[in-house]
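Each chain is listed here by its residues.
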Amino acid sequence: MSVTILKTSPSTNTEAKNPRFRHGDAIVAFEQTEGRGQRGNRWSSRAGENLTFSLVWEPTFLDAPKQFLLSEAVALALCDTLEKYGIAVAIKWPNDIYAGDRKVCGILIEHFISEGRLSRTIVGIGLNVNQTSFEEWIPNPTSMKLLTEREEDIMAVFNTLYGDLDRRYRQLLEGGAERLQQEYRGRLYRLDEAHTYALPDGSRFEGILRGVEPDGGLIVEHGGTLDRYM
Ligand code: BTN
């Protein structure tokens, strides 16, 4: 397992696609010039102020339909790490990490499948560490420093998180999927709370988040019935 530290990279997730990186290898960048977020968004992070890295996993023990377990493992590892720094967090489905109503970390996971099994998973993590002001277009950002008023050593945060990611991966590998799913559910942002949800077609409805299905579908109670959203 190797850790490569780059001064600059277009995107560590793109870098991590290089087959020379194998299970457990990580690529950390001081600066990303084309950082990628979920749903084709850009990931903005000021150079040298935050932790931006990608980790390669080769979860060949998992069938492709079980890939959401890896998202759960990653989100829980982030909760483990941030709690060690005294920050209480929740997981906003599917895998944003929230402190209160603000996002402290984003996760971009990319899977590669071979013969129905996961051959390679790239876990991209953008954790806001020491940045205290953000561009206006970023919705609800926060950082560890804004939350604790402490400046952190970014590589020390990486080392803690790298250990927690490995522990959560091993939990899954060693048959802990059910426990992982329970823990993930228990950590959900707005679990059992009434909230107005917006659908992709723009319509809105009042619902109560009740949990997440094994494949990652969100279960929301609405008018006495349980509906599923992906
Ligand atoms: C999100 O939109 O919330 C996901 C953000 C993921 C950002 C990280 S930073 C390291 C890795 N490299 C990228 O280009 N993106 C991910």
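Residues numbered from 1 in each chain as written. Predicted model: local features only at pLDDT ≥ 70, side-chain atom pairs only at ≥ 80, totals over all residues. Heavy atoms only, no water.

Visitor: Provide a residue-level description of the nonpolar core, including the pertinent values.
Guide: In terms of nonpolar packing, the biggest core is built from 52 residues, with Leu51, Phe53, Ile97, Ile125 and Leu127 touching the most fellow members. Ranked by the residues each element gives to this core, the list is headed by helix α2 (residues 68–84), at 11 residues. In contact with Leu127, other than residues within four places in its own chain, are Asn50, Leu51, Leu78, Leu82, Val104, Cys105, Met144 and Val157. Formed by five residues, the second largest nonpolar core is a distinct cluster that contains Phe21, Ile27, Val56 and Ile122. (Core = buried A, V, L, I, M, F, W, Y, C linked by side-chain atoms within 4.5 Å. Buried < 20%, exposed > 50% of the residue type's maximum accessible area, 1.4 Å probe, protein only. Helix = DSSP H or I, 4+ residues; strand = E, 2+ residues; numbered from the N terminus. Contact = heavy atoms within 4.5 Å.)

Visitor: Talk me through the pairing of strand β3 (residues 51–57); I want residue IDs and the actual numbers.
Guide: Buried residues dominate β3, accounting for seven of its seven residues. Side chains Leu51, Phe53, Leu55 and Trp57 project from β3 onto one buried face, and the interleaved Thr52, Ser54 and Val56 project onto a second face that is buried too. Two strands pair when backbone bridges link them, and strand β2 (residues 26–32) and β3 are joined in this way by four bridges, in the antiparallel orientation. Looking at β3, one finds that Ile27 is bridged to Ser54. (Pairing = 2+ DSSP bridges.)

Visitor: Pulling in residues and values, what's your account of the state of the cysteines?
Guide: For the coordinates displayed, the defined rule picks out zero disulfides. With no disulfide of its own, Cys79 lies closest to Cys105 among cysteine sulfurs, the gap being 9.4 Å. Cys105 sits in the buried class, given a relative accessible area of 0%. (Disulfide = S-S within 2.5 Å.)

Visitor: Can you explain the packing of helix α4 (residues 154–173) against helix α5 (residues 177–186)? Please cite residues and give values.
Guide: Two elements in contact, α4 and α5, have axes whose closest approach is 7 Å; the angle formed by their N-to-C orientations is 130°. When the axis of α4 is compared with that of α5, the two are oblique. Contact with α4, carried on its side by Arg168, Gln171 and Leu172, involves Ala177, Arg179, Leu180 and Glu183 of α5 and no other residues of that element. (Axes fitted to C-alpha atoms, helices over the stretch in contact; angles between N-to-C directions. Parallel < 35°, antiparallel > 145°, perpendicular 65-115°, else oblique.)

Visitor: Give a detailed account of the sheet that holds strand β10 (residues 218–222), specifying residues and quantitative values.
Guide: Here four strands make up an open sheet; going across it, the order is β8-β9-β10-β11 and the pairing antiparallel. The sheet is open, and its two edges are formed by β8 (194–198) and β11 (225–229), each paired on a single side. Going from strand to strand, the sheet's axes swing by 50° on average, the running direction of each strand aside. Pairing geometry for β10 and β11, over five bridges, is antiparallel. The residue bridging Val220 from the neighbouring strand is Asp227, located in β11.

Visitor: Hey, could you go over the packing of aromatic side chains for me, with residue numbers and the actual values?
Guide: For any pair of aromatic rings, geometry is given as the distance between the ring centres together with the angle between the planes. Across all of its chains, the model carries eight aromatic pairs by this definition. Ring plane angle 85° and centroid distance 5.6 Å describe the contact between Phe68 and Tyr184, whose orientation is recorded as edge-to-face. A residue pair is termed long-range when its members are at least 10 positions apart, and Phe68 in helix α2 and Tyr184 in helix α5 qualify at 116 residues. Of the two residues examined, Phe68 and Tyr184, each falls in the buried class. (Phe/Tyr/Trp six-rings, centres within 6.5 Å; stacked < 30°, edge-to-face > 60°.)

Visitor: Lay out the side chain of Thr148 with the relevant residues and their values.
Guide: Tracing the chain through its elements places Thr148 in helix α3 (residues 144–148). Among the polar contacts listed, one links the side chain of Thr148 to the backbone nitrogen of Arg150, at a separation of 3.1 Å. With near-sequence residues (within four places) excluded, Thr148 lies in contact with Tyr85 and Ile87. (Polar contact = N/O pair within 3.5 Å; in protein donor to acceptor, adjacent residues only side chain to side chain.)

Visitor: Give me the lowdown on the sheet that holds strand β6 (residues 102–114), citing residues and values where you can.
Guide: Taken in spatial order, the seven strands of this open sheet run β1-β2-β3-β7-β6-β5-β4, and their pairing is mixed. One side of each edge strand has no neighbouring strand; the edge strands of this open sheet are β1 (3–9) and β4 (90–92). Taken over all neighbouring pairs, the strand axes of this sheet differ in orientation by 25° on average, direction set aside. Bridge count for β3 against strand β7 (residues 117–127) is seven bridges, and the pairing is antiparallel. Within the sheet, the bridge partner assigned to Phe53 lies in β7 and is Ile125.

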